[in-house]
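Chain by chain, the residues:
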Amino acid sequence: MVLAAISDPEERWAAIKNPPLDERTGKRRWTPENSRQRVGYHGPGPETTQEKVEAVHDLVADEQVAAQVATDLLRRPSVAFKAMTDDTARHQVNHAQVEQARQLREAHEQQLEGEQEPFEPTVRKINHALEFLDLVGACQRFVAATGRIVPSLRERPFSDDERDTVHRNVDRVRATCEWILTAVDTGQVDVDEELAKLLRGE
C-alpha cells in the first residue's frame, strides 16, 4: 500500500519485486519503515506493535547497541518478568550466567597463577571471605523469598502446566544445592553435562 505512492507503474512493480536487504535477518523484504523511506514519506513512525518491534530490531542490529538496550530494558521489573516467561530467553540468560561464571573463575585462577606478590595470601583470604558471604547471602535470599511466597499459596489450585513448571524448577534448585555442597566439601566446582542442562533450564 505504501509503495502504491510510486506513480510510475513499471517503477512501482520493479520496486515491489526487488525489496532491499534487511541487515538484521539477512533476507530481502519490505518493512513499513523502509517502504516509507523508499517513497520519501517521513510522517508518523510505526503504529502497530509488530511495526514497532521491527523498527526497534532495525535500530539494534549492531550487537553492542543491542546488548546495551537489552540491559537497560531488563532493569525494568515488569519487562524482566515478561522476558523470563519465554523459554528461549530464559535458557539464553541461564546459559550466559553459567558461561560468564566459568570464564571469570578461569581468568581469576590464571591471574593468581601469574602473580607472585607478597600480599597474595591476604588477597586470597579476602576473596574467599567475599565468596563465602555471597554464597550464604544467596541461600538466605532464597529461603527468605520462599518463606514469604509459599504460605500465600494456600487454597490456590495450580494447573498441570504450572505444577510441571514448579517441579522442573525445584529439580534445578535441588541440583544446584548438591553442586554447592560438592564444591564446599570437595572443592570440585566443575559442572557435568546433566547439571549444565538443568541450570540452563533444558
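Residues numbered from 1 in each chain as written. Predicted model: local features only at pLDDT ≥ 70, side-chain atom pairs only at ≥ 80, totals over all residues. Heavy atoms only, no water.

On to the pattern of salt bridges. Under the definition given, this model contains three salt bridges. Close ionic contact of Asp72 with Arg75 constitutes a salt bridge, the shortest N to O distance being 2.9 Å. The class of Asp72 is partly exposed, set by a relative accessible area of 37%. Residue Arg75 is classed as exposed on the basis of its relative accessible area of 61%. (Salt bridge = Lys/Arg side-chain N within 4 Å of Asp/Glu carboxyl O. Buried < 20%, exposed > 50% of the residue type's maximum accessible area, 1.4 Å probe, protein only.)

Taken as a whole, the second largest pocket spans an internal volume of roughly 410 Å³. Val53, Val56, His57, Val60, Glu63, Ala66, Ala67, Val69, Ala70, Leu73, Arg76 and Val79 are the residues that line the second largest pocket. When residues of the lining of the second largest pocket are traced back to their parent elements, those giving at least two are helix 3 (49–59) and helix 4 (63–74). Ranked by residue count, the leading element in the lining of the second largest pocket is helix 4, at six residues. (1 Å grid on protein atoms, 1.4 Å probe; cavity = no way out; pocket = protein on both sides within 12 Å on 5 of 7 lines; lining within 4 Å. Points joined across faces, edges and corners; volume = space filled by probe spheres on them. Helix = DSSP H or I, 4+ residues; strand = E, 2+ residues; numbered from the N terminus.)

Here Val191 shows up in the loop between helix 8 (160–186) and helix 9 (193–199). Look at Val191 and you get partly exposed, because its relative accessible area is 31%. It is 9.3 Å that separates the C-alpha atoms of Val191 and Val98, two residues lying 93 residues apart in sequence. Excluding anything up to four places from it in sequence, Val191 contacts Trp179, Ala196 and Leu199. (Contact = heavy atoms within 4.5 Å.)

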